[in-house]
Amino acid sequence: PSPRHAIIVTQMGGQACGLIVDAVSDIVTLPADALQPPPVTGGIGGPDAVTAFLEGLAAIGDTMVQVLNLASLGDGAKLAEAA
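Engineer: Describe in detail the overall build of the protein, supporting the description with residues and values.
Structural biologist: Of the regular secondary structure elements, the protein holds two helices and four strands. Starting at the N terminus and ending at the C terminus, the protein contains elements arranged as β-β-α-β-β-α. Per-residue burial for the protein yields a buried fraction of 8% across its 83 residues. Here the protein has roughly 6,400 Å² of accessible surface; of this, 58% comes from carbon and sulfur atoms.

Structure (structure tokens):
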């Protein structure tokens, strides 16, 4: 991490968790019905290799954004242990 990085604080499994990211360009709130299911991919590693990390997609104006499934980024037990 460097002074240019940002920390996003979120709640996972009832516990606060900080994620270090390169940058934050915008913060938006999406209604649950705005999410579309992630696309089915057939890339290397199988169809779930990419979509396992996505909660879904949402259109914001002319931009399509990917919504991460934070629980899939790490093992919940390891996250609790790290906290």
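Engineer: Which residues make up the pairing of strand S2 (residues 15-21), and what values go with them?
Structural biologist: Where strand S1 (residues 6-12) meets S2, seven bridges bridge the pair, whose relative direction is antiparallel. Paired with Met12 across the two strands is Gln15, which belongs to S2. As consecutive antiparallel partners, S1 and S2 are separated by two residues, and within that stretch Gly13 has a phi angle of approximately 60°, a positive value.

Engineer: Could you give an account of a nonpolar patch on the surface, naming the residues involved and the relevant values?
Structural biologist: Side chains of Ile7, Val9 and Ile20 sit close together on the surface and give an oily, nonpolar patch of about 330 Å² of accessible area. Along the polypeptide, Ile7 turns up in strand S1. Residue class for Ile7 comes out exposed when judged on its relative accessible area of 61%.

Engineer: Explain the pairing of strand S4 (residues 63-68) residue by residue, including any values.
Structural biologist: Of the strand pairs in this sheet, strand S3 (residues 54-60) and S4 are connected by six bridges, and their pairing is antiparallel. Bridged to Ala58 within S4 is Val65. Where S3 folds back onto S4 in an antiparallel hairpin, the turn is made up of two residues, including Gly61, whose phi is positive at roughly 65°.

Engineer: Give me the environment of Met12: which residues, what numbers.
Structural biologist: For Met12, the position within the fold is in strand S1. For Met12, a relative accessible area of 17% puts it in the buried group. For the pair formed by Met12 and Ala71, sequence separation is 59 residues and the distance between their alpha carbons is 6.8 Å.

Rules used throughout
- Counting restarts for each chain: residues are numbered from 1 in the order of the written sequence.
- With the structure being a predicted model, the display of local features is reserved for residues of pLDDT at least 70 and the display and counting of side-chain atom pairs for 80 or more, all residues being used for whole-chain, interface and lining totals.
- No hydrogens and no water enter the side-chain calculation; it runs on all heavy atoms of the structure.
- The numbering of helices and of strands both runs from the N terminus, where a helix is a DSSP run of H or I of at least 4 residues and a strand a run of E of at least 2.
- Think of it in three bands: residues with accessible area under 20% of the maximum for their type are buried, residues over 50% are exposed, and the middle band is partly exposed, with areas taken using a 1.4 Å probe on protein chains only.
- Per-residue and other accessible areas were derived by the Shrake-Rupley procedure at a 1.4 Å probe size, with only the shown protein chains allowed to occlude residues.
- A strand pair is defined by DSSP finding two or more bridges across the two strands.
- Within this analysis, patches are made of residues with over 30% relative accessible area and no salt bridge. Like charges are joined at 9 Å or less; nonpolar side chains (Val, Leu, Ile, Met, Phe, Trp, Tyr) at 5 Å or less.
- When a carboxyl oxygen of Asp or Glu lies within 4 Å of a side-chain nitrogen of Lys or Arg, that pair is called a salt bridge.

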